[in-house]
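One letter stands for each residue in the lines below.
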Amino acid sequence: MMKRFNRKFYIGSALLMALSLGSCEHILDEQPRSVYEPGFFRTEKGVQGGITSMYAHLRYIYGQAYYYNATQTGTDEVTYGQSADQNFLVMDLSGQGEINSTSSRADVLWGAAFPNINTASGIIENAAEVGSIPASLIAEARFFRGFDYFLLVQTFGGVPLDLGAGELKFNTNPVRTSVRNTVPEVYTKAIFPDLLKAIEDLPDNPRVTGGVTKTLARLYLAKAYLTYAWWLENPNNIPTYPEAPRVDPDGQNAQWYFQQAYDIAVAGINNPGPYRLQDTYYDVNLGSKDRNSEVMLYADHTETSEFYNGSSLTWSNGNAPENFAGWMMTWNYTNLRSATDPNWSNVISSVQREAHQALGRPWTRMAPTIGAIQNTFADKTNDSRYDGTFTTVFRGNWPKAGVSAPVVYNANGLPVNPGGAILTFLNEEPSTAINYPTGAGRSNVGAGEIPGRSDFVISPRGINRIAYPGLWKLGPYRTDSGNGLGQPNAASTRPFNIAKFSELYFIAAEAAVKGATGSQSARDLINVIRARAGKWRWDNNGNVAKVQDNSAEMVAATPATIDINYILAERSREYYGEGYRWFDLVRTQKWGELAGTYEIGGMNYGDHTPQQVTRNIQPHHYLRPIPIGQIDGMEGNTADYQNPGYN
């Protein structure tokens with residue numbers, strides 16, 4: 001069961017510094033310290049340790065299911081699943097509880113980002129005194145400070161630049177006071193300068209595998225410019241906090257920043273360094289191709305060492321720094337039943353829990369909406385991205401569990417061989433009506449039958465909160481399973497992808513829609529992505545080779561005029577379930593419009609009647625509440641510290 005831990009956050013304290021480095025001792029060969037004084041970062045060992053901890057801190061944010069939930073649940077992509085607890089229910093904003101300073105799971109970001117920011121400041125201030133430390137290494141610290149502040153300002157609004165020793169200064173003394181800077185101050189004093197300097201000093205090629213580079217810094221600067229431009233424009237009058245006029249301190253307007261976003265993104269495309277788009281969308285998220293040339297930043301894990309993985313390789317209870325986000329949208333497919341004889345006198349679990357990318361550990365905490373399945377991924381024939389995102393066919397693997405039956409009997413009493421389809425979530429509503437059972441039925445999960453088919457089936461409008469396509473792209477991948485089920489109860493040993501080269505095209509396209517000009521139009525840029533999406537080399541759910549190029553059809557289907565809603569739909573097709581969606585809807589102020597209602601079936605097997613649900617998305621929800629741990633840890637009057645609308 002997932003639990004809430006009411007932690008206290010004392011911004012800039014020595015305690016946070018100890019957590020930043022000391023808690024990563026399973027990654028770094030460091031001695032835990034209670035205080036990290038400036039002199040520590042004037043040594044090569046100190047700088048190296050601090051930089052390594054910055055990569056490690058990503059695992060306390062990405063792959064951590066509570067934070068993942070906060071970026072997905074409540075959007076047009078995702079709602080809560082049948083086994084959701086309050087961590088997930090409240091984030092849906094559909095009457096199952098209120099988001100407040102205690103219940104919001106954005107607290108994960110607050111607790112992980114500030115210690116890292118302080119570490120970065122310590123390195124930036126002091127590392128130059130170490131003659132052997134190159135500027136490119138200090139630039140990695142600048143990147144991560146800008147990266148964390150960018151996450152924070154998108155999530156909470158204005159946040160403090162002074163952690164106790166002055167703005168952007170390294171602090172070693174416990175403090176129980178804090179003042180929040182405004183959104184323009186955070187961007188223009190911290191995010192933009194840090195990322196600009198990072199671009200200047202970072203190398204084209206990473207120092208280490210997965211290390212930050214000039215192109216990665218360009219991606220985040222372009223994204224920050226784009227987000228700030230929207231903030232300045234404020235098309236739907238969404239409130240900000242601390243209150244500040246929508247005026248840039250440097251005298252630039254929103255259009256200037258949209259153009260900057262375009263120019264920086266195009267510079268990244270034209271100067272890719274070691275990065276490139278994968279040939280097919282399937283390859284981007286295929287476990288055997290992890291850390292490929294399209295992925296520019298990830299929170300890393302490994303199956304070769306518990307020490308460096310940061311968690312057990314055989315069991316997990318769901319705690320950071322484990323990567324367990326993929327469990328959340330995995331329903332309990334192990335409840336599927338088939339028979340070993342035609343009379344159904346002996347029933348078995350025909351799809352066993354397995355450490356396989358299509359399966360994994362089922363927690364049923366989150367579920368896709370019908371709209372995502374039916375509308376976002378409307379074209380499942382030409383566009384490969386639905387097939388490269390979801391597990392829609394659940395195949396029999398009973399021999400791996402030691403069950404010796406040569407076949408099982410399934411829908412319509414027909415036999416299925418090992419590896420055959422036990423249950424299929426159909427791509428579209430069938431012309432022949434599905435014969436759904438009352439309740440769980442023979443399949444034990446409420447799936448129906450179509451005459452002549454040996455697999456049980458559920459249509460797109462028949463999914464519900466307890467049975468739905470799985471999120472293939474986040475599923476586990478291991479090479480040590482042999483011929484068995486492997487270690488499906490362990491957290492994923494795959495990296496959690498954070499930044500992809502493909503997003504440079506989306507950023508430039510979105511800026512172009514907002515008026516930026518250049519050598520490529522929004523349609524030109526989007527069509528690079530759509531053309532790639534039309535290329536198949538493997539039918540993932542059909543489990544067969546499929547060499548097919550539908551690029552021309554994909555490009556021809558692109559509207560002549562691209563608008564923001566189309567950009568957002570394309571982003572959802574490309575990045576579904578990867579933690580982008582809440583930020584996309586908040587940036588463009590489309591959250592209420594696109595996610596205010598959704599459809600999903602009920603909580604029980606056999607419930608295939610879509611229900612329309614209305615969310616209560618209010619303007620103040622566009623900022624998450626400051627966590628209660630931060631408020632309780634402060635002294636004095638804290639009434640003005642919390643974002644309006646929250647207790």
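Here the structure is a predicted model, which means the values were calculated and not measured. (Residues numbered from 1 in each chain as written. Predicted model: local features only at pLDDT ≥ 70, side-chain atom pairs only at ≥ 80, totals over all residues. Heavy atoms only, no water.)

Q: Any chance you could break down the packing of helix α6 (residues 135-156) against helix α8 (residues 214-233) for me, citing the residues and the numbers?
A: For the pair α6 and α8, the least separation of the axes is 11 Å and the interaxial angle reads 30°. With respect to α8, the element α6 is oriented roughly parallel. With respect to the hand of their crossing, α6 and α8 are arranged in left-handed fashion. Listed contacts from α8 to Phe143, Phe147, Phe150 and Gln154 of α6 are Leu216, Ala217, Tyr220, Lys223, Ala224 and Thr227. Tallied by class, residues from the contact of α6 with α8 come to 7 nonpolar, 2 polar and 1 charged. (Axes fitted to C-alpha atoms, helices over the stretch in contact; angles between N-to-C directions. Helix = DSSP H or I, 4+ residues; strand = E, 2+ residues; numbered from the N terminus. Parallel < 35°, antiparallel > 145°, perpendicular 65-115°, else oblique. Left-handed = near helix turned anticlockwise from the far one by under 90°. Contact = heavy atoms within 4.5 Å. Nonpolar A, V, L, I, M, F, W, Y, C, P; charged D, E, K, R; others polar.)

Q: Explain unusual backbone geometry to me, using residue names and the numbers behind them.
A: Backbone phi values are negative for most residues with the exception of glycine, while trans is the configuration of most peptide bonds. Across the junction of Tyr241 and Pro242, the peptide omega takes the value -10°, indicating a cis bond. With respect to the helices and strands, Pro242 occurs in the loop between α8 and α9 (254-270). Residue Pro321 is bonded to the preceding Ala320 through a cis peptide linkage, with omega at 10°. With respect to the helices, strands and loops of the structure, Pro321 is situated in the loop between α11 (306-309) and β3 (337-339). Phi is positive for Thr364, which is not a glycine, with a value near 55°. Tracing the chain through its elements places Thr364 in the loop between β4 (347-349) and β5 (366-368). The exposure class of Thr364 is buried, given its relative accessible area of 4%. (Buried < 20%, exposed > 50% of the residue type's maximum accessible area, 1.4 Å probe, protein only.)

Q: Quick rundown of the pairing of strand β2 (residues 295-299)? Include the residues and the values.
A: Counting buried positions over the 5 residues of β2 gives 5, a clear majority of the element. Bridge analysis of β2 against strand β13 (residues 496-500) gives 4 bridges, and the strand direction is antiparallel. Each residue of the ladder has a partner; that of Val295, found in β13, is Lys500. (Pairing = 2+ DSSP bridges.)

Q: Describe the pattern of salt bridges, naming the residues involved and giving the relevant values.
A: Going through the model one piece at a time under the given rule, you end up with 35 salt bridges. A salt bridge links Arg573 to Glu570; the shortest N-O distance between them is 3.0 Å. Residue Arg573 and its partner Glu570 are located together in helix α16 (residues 564-575), separated by 3 residues, close to a single helical turn. On the basis of relative accessibility, which here comes to 11%, the residue Arg573 falls in the buried class. Two residues, Glu593 and Lys590, come together in a salt bridge whose shortest N-O distance is 3.1 Å. According to the relative accessible area criterion, Lys590 is buried, its value standing at 17%. (Salt bridge = Lys/Arg side-chain N within 4 Å of Asp/Glu carboxyl O.)

Q: Would you mind going over the sheet that holds strand β11 (residues 456-458) in detail, with residue names and values included?
A: Overall, mixed pairing links the 3 strands, which are arranged β7-β10-β11 in an open sheet. On the outer flanks of this sheet lie β7 (393-395) and β11, each paired with one strand and no other. On average, each strand axis in the sheet is tilted by 15° relative to the strand beside it, whichever way the strands run. Both strand β10 (residues 421-425) and β11 contribute to a ladder of 3 bridges, which runs parallel. Bridge pairing in β11 places Thr424 opposite Val457.

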